[in-house]
There are 2 protein chains.
Amino acid sequence: MKIVVPFKRNNAKSRLAGILTPDERDALAMNMLRDVMDALDGFEVDILTSSILSNKDVDFSSCVLLSGSGLNEALNEYLDSQAGHDNDSVMIVMADLPLISSKHIREIAGLDADVVIAPGKGGGTNILYIKDPSGFHVDYYGASFLDHLRIARESGASVEVYDSFAVSTDIDEPDDLVELLMHGDGEAARMLTDSGFDVAVRDGRVGINRNRV
Amino acid sequence: MKIVVPFKRNNAKSRLAGILTPDERDALAMNMLRDVMDALDGFEVDILTSSILSNKDVDFSSCVLLSGSGLNEALNEYLDSQAGHDNDSVMIVMADLPLISSKHIREIAGLDADVVIAPGKGGGTNILYIKDPSGFHVDYYGASFLDHLRIARESGASVEVYDSFAVSTDIDEPDDLVELLMHGDGEAARMLTDSGFDVAVRDGRVGINRNRV
């Protein structure tokens, strides 16, 4: 199995611009990538990125530099490049899943189905495992969970949906930081705490609060 | 094991008032309760409510009428009433979890820990399993996940967090209906579809759309 992690560093996590500076957003994206790479420790991982990453930033087996094509085009090229190899299954893991652990990866890879989809909240696909990439293409953005279900079924593949709150939690918006602060124990959660963020309850609703540090 | 489901019918799901009429909100709440009761089929279930429910509305073993006390007070009285019985473990299941199935309930009840917490998104507690209710009290509202973790640890109980996207999905806000439409296959999802709702993608973001029916 090859694992591929698409990673966007330039202007990363733009929907957090209201509460994090550009440098903080960059650091959060890097820390989430580190947490994801920790969960992938022991597996063969390619990072797919158009940014320059060094092994000082994060520990990876191989970094595939993109020539500016979009996420879907890059991943579909990657799937094509893997098709036909021995043991050519591919797992696509998003880089903004700081709550995942190696247990999730092992469980997903151990399922019997030809395609395993771990949904993100709001219709997304957070982890996608494809036993035979030759008959598959990805379609991220929008309601990709439904798109990937359809693509798998049209290709005759059996599909399993992997049910995990941790895997469903991608970090895009301020409210998502609540989940990271509450349930995270890695670099990204530590960075938020060190930056003065904590969980605050106002009028019975849970949000985040920032203290001076 | 006794399962208890707190259920609020009067002005249910008020945060959906912008997109559902009062009658529709009432029907959605009832359909979600039916979906939850389907998942609990075969277990002994008490519904804890201040509303009048008949067995025509939903199939339950016993309905405990509340005298207007709050959720925490009512549940803590319930826990007290169960403490000391044989096999007196209690599972508290929220009524707005239309994606749960009996598999979740069996898995949670089969875990070794003294207390099992299945988090809701945004810091909530969606299912709480308590092996020995005599040493425990609940504290819902706000960041109840953290509160229940603390209460369990203070009482010396071992705690396990149950990781499920389906269980984490409680239906409170318009965006939550996306999850119900995408991942649901019960009465509540059917009611939404029959009412003309579907998933719509605008500017790459997934939301809901309502068509005339």
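Preceding block: the structure.
Below, the structure is looked at part by part.

About the criteria used
- Residues numbered from 1 in each chain as written.
- Chains lettered and ligands numbered in written order.
- Predicted model: local features only at pLDDT ≥ 70, side-chain atom pairs only at ≥ 80, totals over all residues.
- Heavy atoms only, no water.
- Contact = heavy atoms within 4.5 Å.
- Buried area = accessible area lost by both parts, 1.4 Å probe.
- Salt bridge = Lys/Arg side-chain N within 4 Å of Asp/Glu carboxyl O.
- Helix = DSSP H or I, 4+ residues; strand = E, 2+ residues; numbered from the N terminus.
- Least-squares fit on C-alpha atoms with pLDDT ≥ 70 in both.
- Buried < 20%, exposed > 50% of the residue type's maximum accessible area, 1.4 Å probe, protein only.
- Polar contact = N/O pair within 3.5 Å; in protein donor to acceptor, adjacent residues only side chain to side chain.
- Axes fitted to C-alpha atoms, helices over the stretch in contact; angles between N-to-C directions.
- Parallel < 35°, antiparallel > 145°, perpendicular 65-115°, else oblique.
- Nonpolar A, V, L, I, M, F, W, Y, C, P; charged D, E, K, R; others polar.

## Overview of the interface of chain A and chain B
Residue-level contacts link 26 residues of chain A with 26 residues of chain B. Contact with chain B buries area across many residues of chain A, yet D163, F165 and M182 of chain A alone supply 28% of it, more than any other trio. Between chain A and chain B we count 2 salt bridges in total. A salt bridge links E173 of chain B to R205 of chain A, with the shortest nitrogen-to-oxygen separation between them at 2.6 Å. Counting residues per element, the ones that place at least two in the side of chain A that touches chain B are α4 (144-154), α5 (165-168), α6 (174-183), β8 (197-202) and β9 (205-210) of chain A. For the side of chain A that touches chain B, the element with the most residues is α6 of chain A, which contributes 4 residues.

## Overview of unusual backbone geometry
Residues and elements named next belong to chain B. Despite not being glycine, K13 has its phi angle at roughly 55°, a positive value. Along the chain, K13 falls in the loop between β1 (2-7) and α1 (22-39). Positive phi outside glycine occurs at D203, with the angle close to 55°. Within the element layout of this structure, D203 appears in the loop between β8 (197-202) and β9 (205-210).

## Things to note about the relation of the copies chain A and chain B
When chain A is fitted to chain B, the best match, at an RMSD of 0.0 Å, comes from turning it 180° and sliding it 0.0 Å along the axis. Taken together, the rotation and translation describe the operation of a two-fold axis.

## Examining the environment of K13 of chain B
Residue and element names in this part refer to chain B. The class for K13 is buried, based on a relative accessible area of 17%. Taking the C-alpha atoms as reference, K13 lies 7.1 Å from A29; in sequence the two are 16 residues apart. Ignoring any residue separated from it by four or fewer positions in sequence, one finds K13 in contact with R25, M32, D96, I171 and D172. A polar contact is formed between the side chain of K13 and the backbone oxygen of I171, at a distance of 2.9 Å.

## Looking at the packing of helix α6 (residues 174-183) of chain B against helix α7 (residues 187-194) of chain B
All names here are of chain B. One can describe the packing of α6 onto α7 by two numbers: an axis separation of 9 Å at closest approach and a directional angle of 105°. In terms of axis orientation, α6 runs roughly perpendicular to α7. Counted together, L177, L180 and L181 of α6 and A188, A189, L192 and T193 of α7 form the full contact between these two elements. Of the residues belonging to the contact of α6 with α7, the class tally is 6 nonpolar, 1 polar and no charged.

## Here we look at the packing of α1 of chain B against α7 of chain B
The description of two packed helices rests on the angle between their axes and on the distance between the axes. Residues and elements named next belong to chain B. Between α1 and α7, the least distance of the axes is 7 Å, while the angle of their chain directions is 150°. Across the interface between the two elements, E24, A27, L28, N31, M32, R34 and D35 of α1 pack against E187, A188 and M191 of α7. When grouped by side-chain class, the residues that make up the contact of α1 with α7 number 5 nonpolar, 1 polar and 4 charged.

## Here's the deal with the pattern of salt bridges
Side-chain pairing between opposite charges can occur once the charged atoms of the two side chains come close. All names here are of chain A. What the rule picks out here adds up to 28 salt bridges over all chains. Between D172 and K13 there is a salt bridge, and its shortest N-O distance comes to 2.8 Å. Residue D172 is found in the loop between α5 and α6, and its partner K13 is found in the loop between β1 (2-7) and α1 (22-39); the two are separated by 159 residues along the sequence. For the pair formed by D172 and K13, the shared burial category is buried. K103 is the partner of E107 in a salt bridge, and the nearest nitrogen-oxygen pair spans 3.3 Å. Here the residue E107 and the residue K103 both occupy positions in helix α3 (residues 102-109), the gap between them amounting to 4 residues, near one helical turn. Here the salt bridges share partners, and the residues they tie into one network are K2, E44 and D46.

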